[in-house]
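Chains, contacts and geometry: an overview
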Amino acid sequence: MSDRKANNPSSSTSETERSLFGEILDWMLAPLLFVWPLSIAFTHYFANNVANYPYDQALREHVSAIARQVKLVGGKAQLSLPASARALLRADETDSVYFRVSTMDGKLLAGDKDLPAIVPVPSGEAGYGEIFLRDADYKGQDLRLAYTYLSEPGMPRAQWVVVEVGETTEKRSQLANKIVASVILPQFIIIPLAVMLVWFGLSRGLRPLTRLRQTIDAREPDDLSPIATRRVPEELEPLVEAFNEMLARMQRNVEAQQRFVADAAHQMRTPLTGLKTQAQFAIRETDPEALRHALRQIATGVDRAGRLVNQLLTLARTEGGELAQRKHEVLDLSALIRDVVADWVMIAIEKNIDLGYESPGPAMIMGNPFMLSELAKNLIDNALRYTQSGGHVTCRIIANQNMVLLEVEDDGIGISEEQAEMVFERFYRVDDAGTEGSGLGLAIVQEIAMQHDTKASLLPNPTGKGAIARVSFAVWHPPAAPPPLPDDFSELYRQSPPIGT
């Protein structure tokens, strides 16, 4: 496959390098090139019709002039055609003119006897004095014929007199060609001019795209501010707005990364410095007991630093809001919290704390399972840290038709109402807590709650001891099923309103 791509680089280039200017130009000129031959064909057709009209009128006049020289006396035809009239018919310098006066039974009265025969007209279709036209071939030449029938009332059809005048079509062709040329030749100037004007118009019309590209190219690499839409055409506004939304998402991601780097640099400096001090102290120590104490301190510092790193990474992941929201799914919050509580039972036993769980049954919500697990872990961890040995921590689910409430209650040191608003800020810790921590657990909880369109709260326990953390979620309801159709169509028709009402 790699060899095939290497041997045919033009295929990938043709698929990726597409010109909007060329695309529009193709779609504008291709129909023009298709319509132009049709225009020539239509022009030639109508030019022939226009060229035929005056010469057909002249043929009719010749037929009328000859018909006036025919006299019908007693059912017999008599023709008196002066020599000057015959000479006038033959006087055309370009075309040849032929005529014939004969009866329907083939008797020639005057003119050219070998003209194409006239097809008899059915009864009732030939009006007296009406002149007909048709095309014929005569001695290898195209011929235009005009003819009429002369008769008297009661005269047998076989004795009808037919007057015909035919003319070759050279003058008609010349006139039609002149008409076509007068229409087509200017197009050889107009069409290139139109292409140039289209080219110029497209160049002017696509100039806003060029300005937009130049605006983006001129930006600094770290400039993620939105692009102004004041001079942007209406058709480009959705594109610019979508680009601005992407810039806003990038700005949030960059800010989250910057906050993560700043938080990591700020928080990791102290533990690492402590680890280095303890390591240097252990290197110089010769007393085995003091050395073991220093190693225990190093192990404690490593655990603290590891927990801090995990919390920083979790916070960085939760700040990718769009990614978390795209992974929301229907889940049972009761089952999820039950599993999280089970993971913390052994830790609670080690601290001699009674960890319990209460739930009325399934509680269906829409959320991200990983994020909600992290939320519950941090709430339980926070409650266990601030609860003394022998205390109680209870996780419970309270549900009704519209709301699912997650509560984590403890009987620890408690919290004041002033501190309850501040504990969700990063790195904030209660001064008199007397426990170790980074101050990131509840900040993570609040970030995850916001990703689920809600907020977390921490309130003093109404019993007077400890605190209660709460997060509420909207209940997920399955979509309503469509109403069943009636058993028969007559019932359906009866229930439906008439069309047009």
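Below is a short write-up of the structure. (Residues numbered from 1 in each chain as written. Predicted model: local features only at pLDDT ≥ 70, side-chain atom pairs only at ≥ 80, totals over all residues. Heavy atoms only, no water.)

1. A closer look at the overall build of the protein chain
The condition that has to hold: Helix numbering and strand numbering both begin at the N terminus, where a helix is a DSSP run of H or I of at least 4 residues and a strand a DSSP run of E of at least 2. Accessible area is worked out with a 1.4 Å probe on protein chains only. A residue is then buried under 20% of its type maximum, exposed over 50%, and partly exposed in between. Throughout, a residue-residue contact means that at least one pair of heavy atoms, one from each residue, lies within 4.5 Å. What sets the accessible areas is the Shrake-Rupley method with a 1.4 Å probe; for residues, cover comes only from the shown protein chains.
Looking only at helices and strands, one finds 15 helices and 14 strands in the protein chain. Here the protein chain holds 501 residues, and the buried ones make up 34% of them. Taking the intrachain contacts of the protein chain between residues at least 6 apart in sequence as the baseline, contacts between residues at least 24 apart amount to 64%. Accessible surface, the protein chain as shown: approximately 31,300 Å² in total, 58% of it carbon and sulfur.

2. What to know about the nonpolar core
To keep things clear, this is the line we draw: By nonpolar core is meant a set of buried Ala, Val, Leu, Ile, Met, Phe, Trp, Tyr and Cys residues that side-chain atoms within 4.5 Å join together.
Ranked by size, the top nonpolar core spans 42 residues in total, and within it Leu333, Ile337, Leu375, Leu379, Ile380 and Leu458 carry the most contacts. Listing elements by their share of this core, those giving two or more residues are α10 (333-343), α12 (369-385), β11 (392-399), β12 (403-410), α14 (441-451), β13 (456-460) and β14 (467-474). Looking at this core element by element, the count peaks at 8 residues for α12. In contact with Leu375, not counting residues within four places along its chain, are Leu406, Val445, Ile448, Ala449 and Val471. Judged by nonpolar contacts, the second largest core, of 23 residues, contains Ile66, Val70, Trp160 and Val163.

3. Re the pattern of salt bridges
Put simply, the test is: For this analysis, a salt bridge means a side-chain nitrogen from Lys or Arg found within 4 Å of a carboxyl oxygen belonging to Asp or Glu.
On inspection of all chains with the given rule, the structure shows 16 salt bridges. The closest approach of N and O atoms between Lys139 and Asp114, which form a salt bridge, is 3.9 Å. With Lys139 in the loop between β5 (131-138) and β6 (141-150) and Asp114 in the loop between β4 (108-111) and β5, this pair connects stretches of sequence that are 25 residues apart. What you see here is one network of salt bridges that share partners, running through Asp56, Asp95, Asp135, Arg144, Glu167, Lys171 and Arg172.

4. Some points on the packing of α12 against α14
Geometry of a packed helix pair, given as the angle between the helix axes and the separation of the axes. So the rule is basically this: Here an angle of 0 to 180 degrees is reported between the N-to-C directions of two axes, which are lines fitted to C-alpha atoms, with helices fitted over the stretch in contact. With the far helix as reference, a near helix turned anticlockwise by less than a right angle produces a left-handed crossing, and one turned clockwise produces a right-handed crossing. Charged means Asp, Glu, Lys or Arg here, nonpolar means Ala, Val, Leu, Ile, Met, Phe, Trp, Tyr, Cys or Pro, and polar covers whatever is left, Gly included.
One can describe the packing of α12 onto α14 by two numbers: an axis separation of 9 Å at closest approach and a directional angle of 150°. The way α12 lies across α14 gives a crossing that is left-handed. Every residue of α14 that contacts α12 at Met371, Leu372, Glu374, Leu375, Asn378, Leu379 and Asn382 is listed here: Gly441, Leu442, Ile444, Val445, Ile448 and Ala449. Partitioned by chemical class, the residues of the contact of α12 with α14 number 9 nonpolar, 3 polar and 1 charged.

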